[in-house]
Amino acid sequence: MAVAPRLFGGLCFRFRDQNPEVAVEGRLPISHSCVGCRRERTAMATVAANPAAAAAAVAAAAAVAEDREPQHKELPGLDSQWRQIENGESGRERPLRAGESWFLVEKHWYKQWEAYVQGGDQDSSTFPGCINNATLFQDEINWRLKEGLVEGEDYVLLPAAAWHYLVSWYGLEHGQPPIERKCGPVIWRLIEDTGIGQACEVRRDESGMPRWIDHFGSHKDLECTPSPRTGLVLRTARERFLVEPQEDTRLWAKNSEGSLDRLYDTHITVLDAALETGQLIIMETRKKDGTWPSAQLHVMNNNMSEEDEDFKGQPGICGLTNLGNTCFMNSALQCLSNVPQLTEYFLNNCYLEELNFRNPLGMKGEIAEAYADLVKQAWSGHHRSIVPHVFKNKVGHFASQFLGYQQHDSQELLSFLLDGLHEDLNRVKKKEYVELCDAAGRPDQEVAQEAWQNHKRRNDSVIVDTFHGLFKSTLVCPDCGNVSVTFDPFCYLSVPLPISHKRVLEVFFIPMDPRRKPEQHRLVVPKKGKISDLCVALSKHTGISPERMMVADVFSHRFYKLYQLEEPLSSILDRDDIFVYEVSGRIEAIEGSREDIVVPVYLRERTPARDYNNSYYGLMLFGHPLLVSVPRDRFTWEGLYNVLMYRLSRYVTKPNSDDEDDGDEKEDDEEDKDDVPGPSTGGSLRDPEPEQAGPSSGVTNRCPFLLDNCLGTSQWPPRRRRKQLFTLQTVNSNGTSDRTTSPEEVHAQPYIAIDWEPEMKKRYYDEVEAEGYVKHDCVGYVMKKAPVRLQECIELFTTVETLEKENPWYCPSCKQHQLATKKLDLWMLPEILIIHLKRFSYTKFSREKLDTLVEFPIRDLDFSEFVIQPQNESNPELYKYDLIAVSNHYGGMRDGHYTTFACNKDSGQWHYFDDNSVSPVNENQIESKAAYVLFYQRQDVARRLLSPAGSSGAPASPACSSPPSSEFMDVN
């Protein structure tokens, strides 16, 4: 992660040949000596930068001018000079001490001095003369230092004693002030990203312990020493700069581009961290509200108002802002944040020593650190709500399914988070291969212990200590009876809800009697039943035989599907509009059969299309389609017209005697033709052969889709010059286009469309009556869902089940996959038991949410009857649990909202967390149909945490009494 250094503060380090230097970054020169920032401790360099100070410095220099003149005869031996300046107690290698001064010497002069003393000849021409720092100054009036000076290239640093030795031996150039730097305890504030600030260099002596020297810039010529670990650098910096033990710090490395990268792993060496010579290292200190100064770069609108700056509330009572459909994440985080031992683990910084940066299954410690930051902010007591933006980005980075802002499942995020925290905090750095062994007739106690030890050999973290338990899984082969027993770890229990095997379907029954209106019925049918079961249930209400019923799914005025009696009811969704028609025949025409033929009929209205000349007419479906039973001997166009007039008689008015004449006299040649309704002239049946029915066909012609199967002539001869209310047309199953005349298509499924002219429809078709229906008494029936106890769900979880076809078991005895029976039992329970109620049901045809009320206890949930491991009767608390948090889901499958009930570990008070809103609640409000994930704490753990040795504070029990009900909100 790269962060620009401009906006946050900390301690700066500079690395020289893998040896760190500590620095306070700022701009040179710094004009105040030992300046103290408000509410901070800082050490700044002292250089005279204003005229008054410069004049004083010059005067002081003149006062001792005579003493600074070089006195060759008084110079000590060259070897003695070298020892005093470089290696003595006052030399450059001495340790740094707070409050002392160090001085800058121009490098060229110092190198000449080195050549002089190492040459061994005091009368040599390499004599350096007076100390001259002129090249370090920008001007000789105000004596301002140049910007960008680099230690080792432009200057060297000397302690005060060594400096005074050199001045006394060689003197200082007339008028130049000394360049002094004060050292002291520092908490830094980065002012700008330019210039060089005061720094401390970490070197190593023969004992391997770091020593600190105040200096400027970087030095590329320093000898390499054994590379320290970054953790040692951090610890030493904390000690030297008096960082309080309770304060959190972390390291950043400034890269070549000027941005900062986190140094996550404090266990690696400086060399392994790929830190280069002259690279800056910054130590950042966490603020009192739990945030990092660098987080201001990532969180928008993070400027707290004056009211929030001094806010002090109950730790843990902190909301989480909804970033956009992130209520699922907020709910899971609030539940996990209120797990006492896990929160204390992060608040006490225990996680820092267990971060696993090399685990290929982990997230390089980033998920653990992001969660730790969130916990520290929430439990700092300085926030009413926080914005989990950084955590959201981390989750999306490592789990692409959570990218973006779509709604997700809180339990799925919880599962990912627990697994991510476990791998990031796994104490096992290198996982060994462990072979899973079957029981093979051994005692359960032995097999279970072996399985748990094998699990701990690869998985050992605070998550395992807190949330992991042990299953006993028993598989039995149905063929050979082979029994396989294994013990498997679990992190949570996903328990099914006892569900009814019945379902309620609403249908509309369409009787054949046209005088009866359609009836709405509410039927109770088996979930795994067939369409025939629906017909049987409806038959009890209507008295109509199931054999005389046809079931159809109607959508957008057409038949979406016609069901067969053997099809499963699961193919009908709750949102489908199901119509059941009373019929007296079959749709399929069987040769030689005398049964009536059932014809699907659509209603269409002819409307002008938007054409240039309005010459083309479109057809639009309307109303409910029909399944009409037509006697085989009446299956002509005229017979079908009469049958349809009879079926529509409730809402279609017949023309009276005044309407018998159509009012349009035709030519004599047209009067001799039959006015029998038939396919429209715009249809596809344009074959001129006499056996094909058409607009000019005689009354004896039969419907084209019956071909030669329909025998006999019409029994309802048409009347001459009778007004036709509508025309008939063969269409496809969609009712949107005409059928072709191919025998295969026409014979496959006869669909007829009744086409109305707009004027005729308006005059003779009663839309209000056509849409009318009556409700049967059964519509008022509501299938009550009795509440279930949580213990029933657990019993259902531990019952024997048969594996599905998609997930068979390979039997080692039969050497083939078998649909074995499987039984899960609880062997060992964790400290925190997470119970996931499986409210969401997914099948091939449907998805539904079960809103059954599950009754769960707040206290004393007893698992002793479910644990099959031999129990310790002297300690019943090992099997009793108290509720500490609940994740709720309100709404349905497609949309919903997640909230949380949680008990504060310090006060014992229950609160309702709804994103950034937090309110106290009564215990009797916690149980609801929305409960989705339950968090239970084992009672012996709660008692241990209550003891003084368990924690620094004394968290209250979840069983603590609630405040008066007048203070609570109703969340149900």
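Note that this is a predicted model, so its numbers are computed, not measured. (Residues numbered from 1 in each chain as written. Predicted model: local features only at pLDDT ≥ 70, side-chain atom pairs only at ≥ 80, totals over all residues. Heavy atoms only, no water.)

Engineer: I'd like a rundown of the overall build of the protein, residues and numbers included.
Structural biologist: Secondary structure summary: the protein contains 22 helices and 43 strands in total. By residue count, 51% of the 972 residues in the protein fall in the buried class. In the protein, of all internal contacts separated by at least 6 residues, the share reaching a separation of at least 24 is 73%. For the protein, the exposed area adds up to about 46500 Å²; of that, 49% sits on carbon and sulfur atoms. (Helix = DSSP H or I, 4+ residues; strand = E, 2+ residues; numbered from the N terminus. Buried < 20%, exposed > 50% of the residue type's maximum accessible area, 1.4 Å probe, protein only. Contact = heavy atoms within 4.5 Å. Areas by Shrake-Rupley, 256 points an atom, 1.4 Å probe, with all protein chains shown as cover.)

Engineer: Can you explain the sheet that holds strand E18 (residues 502-510)? Please cite residues and give values.
Structural biologist: Strand order in this open sheet of six strands is E21-E20-E22-E18-E19-E28, and the pairing throughout is mixed. Two strands bound the open sheet, and with one partner strand each, they are strand E21 (558-562) and strand E28 (774-775). With five bridges connecting them, strand E20 (residues 549-555) and strand E22 (residues 578-582) associate as antiparallel partners. The residue of E22 that forms the bridge with Asp553 is Ile578. Along the sheet, helix H15 (residues 531-542) makes contact with E18, strand E19 (519-526), E20 and E22, crossing E19 at roughly 130°. (Pairing = 2+ DSSP bridges. Axes fitted to C-alpha atoms, helices over the stretch in contact; angles between N-to-C directions.)

Engineer: Could you give an account of the pairing of E19, naming the residues involved and the relevant values?
Structural biologist: Each regular strand carries side chains that alternate between the two faces of the sheet. Counting buried residues in E19 gives six out of eight residues, a clear majority hidden from the surface. Pairing analysis gives eight bridges linking E18 to E19, with the strands arranged antiparallel. Residue pairing for E19: Val504 is matched across the bridge by Val524. Note that E19 and E28 share two bridges and pair parallel. Across the sheet, Glu519 pairs through a bridge with Val774, a residue of E28.

Engineer: Would you mind going over the packing of helix H9 (residues 340-347) against helix H10 (residues 366-378) in detail, with residue names and values included?
Structural biologist: Running from N to C, H9 and H10 point in directions that differ by 100°, and their axes come no closer than 9 Å. One element, H9, and the other, H10, form an angle in the roughly perpendicular class. Where H9 approaches H10, its residues Leu342, Thr343, Phe346 and Leu347 are matched on the opposing element by Ala368, Tyr371, Ala372, Val375 and Lys376. Of the residues that constitute the contact of H9 with H10, the class distribution is seven nonpolar, one polar and one charged. (Parallel < 35°, antiparallel > 145°, perpendicular 65-115°, else oblique. Nonpolar A, V, L, I, M, F, W, Y, C, P; charged D, E, K, R; others polar.)

Engineer: Lay out the packing of aromatic side chains in plain terms, naming residues and giving numbers.
Structural biologist: For the structure shown, the criterion picks out 33 aromatic pairs. Ring centres of Phe346 and Tyr371 lie 5.1 Å apart, and the angle between their planes is 75°; on these two criteria the pair is classed as edge-to-face. You can see Phe346 sitting in helix H9 and its partner Tyr371 sitting in helix H10, a full 25 residues away along the chain. The exposure class assigned to Phe346 is buried, which follows from its relative accessible area of 0%. A relative accessible area of 1% means that Tyr371 is categorised as buried. Feature note: the residues Phe508, Phe559, Phe579, Tyr581, Tyr602, Tyr751 and Tyr773 constitute an aromatic cluster, connected by ring pairs. The cationic tip of Lys392 hangs over the ring face of Tyr405; the distance from NZ or CZ to the ring centre is 4.7 Å. (Phe/Tyr/Trp six-rings, centres within 6.5 Å; stacked < 30°, edge-to-face > 60°. Lys NZ or Arg CZ within 6 Å of the ring centre and 35° of its normal.)

Engineer: Would you mind going over the side chain of Thr474 in detail, with residue names and values included?
Structural biologist: Counting through the fold element by element, Thr474 comes out in strand E15 (residues 469-476). Relative accessible area serves as the criterion here: at 16%, Thr474 is assigned to the buried category. Among residues more than four places away in sequence, those in contact with Thr474 are Val483, Ser484, Val485, Thr821, Lys822 and Lys823.

Engineer: Go over the nonpolar core with me, naming the residues and quoting the values.
Structural biologist: Of all hydrophobic cores here, the largest spans 54 residues; its most connected members are Leu336, Phe346, Tyr371, Phe467 and Phe935. Here this core takes eight residues from H10, the largest share from any one element. Apart from the residues lying within four places of it in its own chain, the contact partners of Tyr371 are Leu333, Leu336, Ser337, Leu342, Phe346, Phe391, Leu417 and Leu421. Phe856, Ile858, Tyr881 and Val886 belong to the second largest nonpolar core, which has 37 residues in total. (Core = buried A, V, L, I, M, F, W, Y, C linked by side-chain atoms within 4.5 Å.)

Engineer: Account for the side chain of Ser629, naming residues and giving values.
Structural biologist: Turning to its location among the elements, Ser629 is positioned in strand E25 (residues 617-630). Within the structure, the side chain of Ser629 is placed 2.9 Å from the backbone nitrogen of Ser584, a separation counted as a polar contact. Among all residues touching Ser629, those that are not within four sequence positions of it are Met512, Val583, Ser584, Gly585, Asp596, Ile597, Val598, Val643 and Arg647. (Polar contact = N/O pair within 3.5 Å; in protein donor to acceptor, adjacent residues only side chain to side chain.)

Engineer: Outline helix H3 (residues 78-87), listing residues and values.
Structural biologist: Since there are 3.6 residues in each turn of an α-helix, residues three or four apart along the chain are aligned in direction. Along H3, the residues classified as buried are Leu78, Ser80, Gln81, Ile85 and Glu86. Those residues of H3 hidden inside the fold are in contact with helix H4 (107-119), strand E6 (155-159) and helix H5 (160-170).

Engineer: Would you mind going over the pairing of E6 in detail, with residue names and values included?
Structural biologist: Of all the five residues making up E6, five are buried; the element is thus mostly covered by neighbouring parts of the structure. Burial of E6 is two-sided: the residues Tyr155, Leu157 and Pro159 facing one way and the residues Val156 and Leu158 facing the other way are all buried. Bridge count for strand E5 (residues 101-106) against E6 is five bridges, and the pairing is antiparallel. Opposite Phe103, over in E6, you have Leu158 as the bridge partner.

Engineer: Explain unusual backbone geometry residue by residue, including any values.
Structural biologist: Non-glycine residue Trp143 carries a positive phi angle of around 55°. With respect to the helices and strands, Trp143 occurs in the loop between H4 and E6. For Trp143, a relative accessible area of 7% puts it in the buried group. Of note in the backbone geometry, His557 takes a positive phi value of approximately 70° without being a glycine. Tracing the chain through its elements places His557 in the loop between E20 and E21.

Engineer: Outline the confidence of the model for the protein, supporting the account with residue identities and numerical values.
Structural biologist: Overall, the predicted model of the protein reaches an average pLDDT of 74, with 71% of residues at or above 70. Of the regions scoring below 50 in pLDDT, residues 297-307 engages in 14 contacts with residues more than four places distant in sequence or in other chains. Confidence drops under a pLDDT of 50 for residues 949-972, and excluding neighbours within four residues, the segment shows 55 contacts in the predicted structure. (pLDDT = per-residue confidence, 0-100.)

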